[in-house]
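Coordinate inspection notes
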Amino acid sequence: MPARAPWAQPGLRRERWHGLLFLAIPLLYLAGVVLLPLIQAVYSSTLRIRGMNASFVGLGNYARVLGSEVFWTSMGVSVRFTIACVALHIVLGFGLALLLESAGRARTALRLILMTPWMVAPAIAATIWLWLFEPHFGVLNYLLGLVGLSQGGQSWLGEPGTAFGAAVLVDVWRGTPFVMLLLSAGLQTVPRDQYEAAMLDGANALQQFRHVTLPNVAYIVAVAATLDTINTVRQFDIVAVLTGGGPAGATEVLPVLLYNTGFRANDLGGAAAIGVLLLVVVLALVVLHVSITGLDRTRA
Amino acid sequence: MNRLLVSVVVAALALAAPLARAETVTIQWQTANLTEPQFEPVWKAMIAAFEAANPDIHVEPVLVARKDDWTKFVTSAQARRAPCVVQTDLATAAFNGYLLPLDALWNAEPDSLRATYSPDIMRAMHWKGQLYGIPIWGGVFAEIYNRDMLAAAGLDPTHLPATAADYVDWLRRLTKPGQWGTAVLGGPTDTTTRLLLTWIWANGGEAFNADMTKATFAADPKSLEAIKAYLGLAAQGLAAPSPNTTNYLEQTVLFAQGRIATMRSAYWAIAKVLGDNPGLAGKLVVGPVPGNGATLATLSSASIAASCKYPSQAWAFIKFQAGKHWAVERARVSNWMPLRNDMADDPDIAKDPQLQRFLEIGRTARSYPLPHPAWADIAGTDIVKAVQRALLDPARTEQIFRELDAMLTRKLNDL
Amino acid sequence: MTRPWAILRWAALAVAVVVALFPFYWMLNTALKPPADVMRWPPEFISPNWSLAGFRTVLTERPVLRWFVNSAIVAAGSTLIATFLAALASYGLTRFHLRFSGAVMVLLLFAKMLPETLLVIPYFQMMSELNLIDTHLALILVYSSYSVPFAVWMLVGFFRAIPIEIDEAAMMDGASRLTALRRVILPLAAPGLVAAGLFTFLMAWNSYVWALVLTTDAQHYVMSVGVATMIGEYRVQWNELMAAALIATLPVLGLCALLDRHLASGLTAGAVKG
């Protein structure tokens, strides 16, 4: 490492306002498109909205939401869903990235093939899986029946446990490739000579992994995990299409609860309050992300 | 002389004015059914005919998947930009201020039009004493049997079961490996609720008190008995497995594929089933819902959005849709029941015995959706959740519906 | 490498490939079947009845090509704007010693995390007041702003890797900052720009909820919304739906295959080195 990385050198002092200018354009753009609706949404969360009639209730919606069993059930579902999905994304994604490393010439082609699930729109991915899971005519029951794992008519999306598992499965199917890509890129940066040195020391594959690979990619694993957590917490399309939150609320993650509260129960104020609470959760994760990855520090 | 000149000028102006103002007005039309293939040929022809007759009005159909229909409507209504002509859950939309009261337009119409609908149906078009919709089509729920499967089980299609007990007995005889008597619906749409209500009502039970302030699913013994009998079909293995993901769609597919022998559904299900399996033509037997004769009839209406800039044009299009010709077309092509009371003698209707049968069964039907602003949510979420929980844990059915009663009673009174 | 291990590795990769691709195979298999065969039990994996009829119906009876063009315009527009803005922001963040750059990064990430269902109604109101409903612009605005944060996140790594001396040399030769950025820095950061652009394109192409509410005329629908209108509660024509879904997915697959190299290198340089 150089004593002082080039980017860490201060720009010319009198030029700093140029930097502000460069930043100002994108930030103003974002403010216009995102901030105004956000302010409006936060304001809505303080209103009791009945269609075209609205009255100010202060923190009433928050009190109602936080005091409702449905919200906490949904929070629990969200936490379990996120932990399950992210853990599987990381484990499988890491595994696949390692396998790709040893795939030699087939590496590029295999990576592209393994990436395909991630390129499909989530809503469309969920629609495909809906068809695979179909209890009476779906191919999944047929295949499981062949190996004796299903007696036919198994309703994967109709029972709380399997429906939750199915939602996780679809999210893992679609989400793993992204993590794989990140980690695969990470593995590329591990200096070859470290492996050579380890081999000279007589380290076996496992020891190489533990002492060379892991320390080198620990940072990117952390980045991938937090980024993936933030994406998974917001996951709406897959669950909405697959189960709509059912059966009996077993897969009602927070974004789906927000949607159902606003557009099925017509409680737009309550929905806005759920949205703001979800935002607080996500914000906490962002702060975590930033403190892990050190985005807020100038790296020198 | 002068007076004559003035009157000529006035007359000329009066004639010219509409010409001068004849720019085309675009009205949007949103109903979830536009994306149903069985309706597509009808609505396309209808718009073309309407535009030919009204060159200054252009109708723009808004195609939305059913599950997103309400979302899209609410979003646009909140911004006061809702499509002019809409078909929505009337009480919910009216309560939220999304619809225009139609009383003035309706009262200006001749008596002949106003006498087209029964007072019962017109009552369902009102919310808080004001008119918000014009009835367009309906769906009477009946029991539809597969004639071949009845014959194979040695059952006589001319003596259909009259009571729920007889019906369950038939289901027992129609169930064998890979085949079930019927399907129990527990999927996440309000069709689940519709079917549950047919069982409750046909058993003489009530799910709500008369003014919709109290839920009585478990509180009314007749209702609870019907719920237990119906949901119990799944536990007894008389109904197709996986009820919790079975909606109208899955039900009709199972029926079309010969996996279930009977289904409780509306007239339109016949078009759907025959579309899936044309081989079933002529093999369907339609009978009343077993019980006391009560069944359910869905009413679909056309309304005008509160923010509509062209109410008179919208009204013209609604009247056009409601007209007899299109009522016949909808019945003939899409299998949607006409709601006008001058249809029985129409030659196209009269020669269709199946439709006649539905019209007959419909005489004792109760209208759906129920008149409450929270109905869409209650029917699509709360009741469905209770049904799903009871299907997963049949032993707790009574307890689950007691909880539902308490929860709904709270919700009904929390406006 | 010992033999059993190698076999095990290739077996694991084979399983992964099958799991990744099977749903696509089933999509294609369903799309090619006539409607009557779709519900056949046991399901057929290869059928003599395969035909392109489903694709033909979809292409002739729905304005699929129109949706396709709309999607392409919206995705391309969003990509251009997002990459442009992200390049400006990344340049500003890396070339000037700004004390609050960390805070800016947090702010950007925050913008990416907003739950879309929360913002749909107010955004629709805003677009409605600006008379932008049923326009490509409304979608481009929202997709580009949702993408800028991730694009910046990727590009910052790239820009940091380009020595600041290069700017200085260019400016010494009389180029202005903007010229230096355009002529020297952007070409050097090209792989990163391509990768960031690809991410934006994917996101814009695949997004659903925004397009659902912001377009009402079927002629203005984008692919994702158009495909969804084919799922009726009363009827799903699985073969046509799967055909449409394939048509919606193929261009993205093609684009990714084309740009795969850049995607990987973009991530390596950007995300990984941080």
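**Things to note about the overall build of chain C**
Each helix and strand in chain C was counted, giving 13 helices and zero strands. In sequence order, chain C lays out its α and β elements as α-α-α-α-α-α-α-α-α-α-α-α-α. With the C-alpha coordinates aligned to their principal axes, the bounding extent of chain C is approximately 70 × 70 × 30 Å. For chain C, contacts bridging at least 24 residues in sequence account for 75% of all contacts bridging at least 6. Of the roughly 10300 Å² of accessible surface on chain C, 69% is carried by carbon and sulfur atoms.

**Points about the domain arrangement of chain C**
Residue and element names in this part refer to chain C. Partitioning chain C into structural domains gives domain 1 (1-51) and domain 2 (63-272). Taken over C-alpha atoms, the centre of domain 1 sits 32 Å from the centre of domain 2. For the pair domain 1 and domain 2, the summed buried surface comes to about 710 Å²; carbon and sulfur atoms form 83% of the total. Between domain 1 and domain 2 we count one residue pair in polar contact (both at pLDDT 80 or more) in total. Only α1 (3-32) and α2 (35-38) provide two or more residues apiece to the side of domain 1 that touches domain 2. If one sorts the elements of the side of domain 1 that touches domain 2 by residue count, α1 sits on top with five residues. Residues that form the side of domain 1 that touches domain 2 fall into these classes: eight nonpolar, one polar and one charged.

**Regarding the interface of chain A and chain B**
Facing 27 residues of chain A, the contacting portion of chain B comprises 35 residues. When the buried area of chain A at its contact with chain B is split by residue, A:M52, A:H136 and A:R264 rank highest and sum to 27% of it. Of all the secondary-structure elements, those providing two or more residues to the side of chain A that touches chain B are β1 (47-50) and α11 (254-264) of chain A. Tallied by class, residues from the side of chain A that touches chain B come to 12 nonpolar, nine polar and six charged.

**Details of the sheet that holds strand β7 (residues 142-146) of chain B**
Residues and elements named next belong to chain B. One open sheet accounts for three strands, arranged β8-β7-β9; its pairing is antiparallel. Every other strand in the sheet has two partners, leaving β8 (262-265) and β9 (284-287) as the edge strands with one partner each. Direction aside, the axes of adjacent strands within the sheet are offset by 25° on average. Across four bridges, the pairing between β7 and β8 is antiparallel. Bridge pairing in β8 places I144 opposite M263. The sheet contacts of helix α17 (residues 353-361) involve β7, β8 and β9, and relative to β9 the element is tilted by about 20°.

**Looking at empty space enclosed by the protein**
All names here are of chain C. In this structure the tally under the stated criterion is 12 cavities of 30 Å³ or more. Here the largest cavity is characterised by a volume of approximately 870 Å³. The biggest single contributor to the lining of the largest cavity is helix α10 (residues 190-206), with six residues. Its residues assigned to classes, the lining of the largest cavity shows 14 nonpolar, 10 polar and seven charged.

**What to know about α1(C)**
With 30 residues, α1(C) extends 41 Å from end C-alpha to end C-alpha; this agrees with the ideal 44 Å at 1.5 Å per step. At C:L21, α1(C) shows its maximal bend, which comes to roughly 40°, and the proline C:P23 appears one to four places after that position.

**Points about unusual backbone geometry**
Residue and element names in this part refer to chain B. That bond from Y368 to P369 is cis: its omega, 0°, falls within 30 degrees of zero. Checked against the element boundaries, P369 lands in the loop between β12 (365-368) and α18 (375-392). Here S242, not a glycine, exhibits a phi torsion of approximately 55°, which is positive. Here S242 lies in the loop between α11 (221-235) and α12 (248-256). Look at S242 and you get buried, because its relative accessible area is 7%.

**Digging into the packing of aromatic side chains**
The description of two aromatic rings rests on the distance between their centres and on the angle between their planes. Applying the stated rule across the entire model yields 44 aromatic pairs over all chains. Taken together, the ring pairs connect A:W118, A:F178, C:F150, C:W153 and C:F199 into an aromatic cluster. The cationic tip of B:R264 hangs over the ring face of B:Y167; the distance from NZ or CZ to the ring centre is 5.7 Å. A cation sits over an aromatic face here: B:R366 above B:W201, 4.2 Å from the ring centre.

**Comments concerning the nonpolar core**
Formed by 341 residues in total, the largest nonpolar core has its most connected members in B:F208, B:F217 and B:F401. When sequence neighbours within four positions are dropped, the list of residues in contact with B:F401 reads B:L196, B:F217, B:A218, B:I227, B:L231, B:A386, B:V387 and B:A390.

**Points about the side chain of B:Q251**
Residue and element names in this part refer to chain B. In this structure, Q251 sits in helix α12. According to the relative accessible area criterion, Q251 is buried, its value standing at 1%. In contact with Q251, not counting residues within four places along its chain, are A183, L185, L195, T246, I260, M263, R264 and S265.

Reading the values: the criteria
- Residues numbered from 1 in each chain as written.
- Chains lettered and ligands numbered in written order.
- Predicted model: local features only at pLDDT ≥ 70, side-chain atom pairs only at ≥ 80, totals over all residues.
- Heavy atoms only, no water.
- Helix = DSSP H or I, 4+ residues; strand = E, 2+ residues; numbered from the N terminus.
- Contact = heavy atoms within 4.5 Å.
- Areas by Shrake-Rupley, 256 points an atom, 1.4 Å probe, with all protein chains shown as cover.
- Domains from an automatic or database assignment.
- Buried area = accessible area lost by both parts, 1.4 Å probe.
- Polar contact = N/O pair within 3.5 Å; in protein donor to acceptor, adjacent residues only side chain to side chain.
- Nonpolar A, V, L, I, M, F, W, Y, C, P; charged D, E, K, R; others polar.
- Pairing = 2+ DSSP bridges.
- Axes fitted to C-alpha atoms, helices over the stretch in contact; angles between N-to-C directions.
- 1 Å grid on protein atoms, 1.4 Å probe; cavity = no way out; pocket = protein on both sides within 12 Å on 5 of 7 lines; lining within 4 Å.
- Points joined across faces, edges and corners; volume = space filled by probe spheres on them.
- Expected span 1.5 Å × (residues − 1).
- Bend = angle between axes of the 7 residues up to and from the residue.
- Buried < 20%, exposed > 50% of the residue type's maximum accessible area, 1.4 Å probe, protein only.
- Phe/Tyr/Trp six-rings, centres within 6.5 Å; stacked < 30°, edge-to-face > 60°.
- Lys NZ or Arg CZ within 6 Å of the ring centre and 35° of its normal.
- Core = buried A, V, L, I, M, F, W, Y, C linked by side-chain atoms within 4.5 Å.

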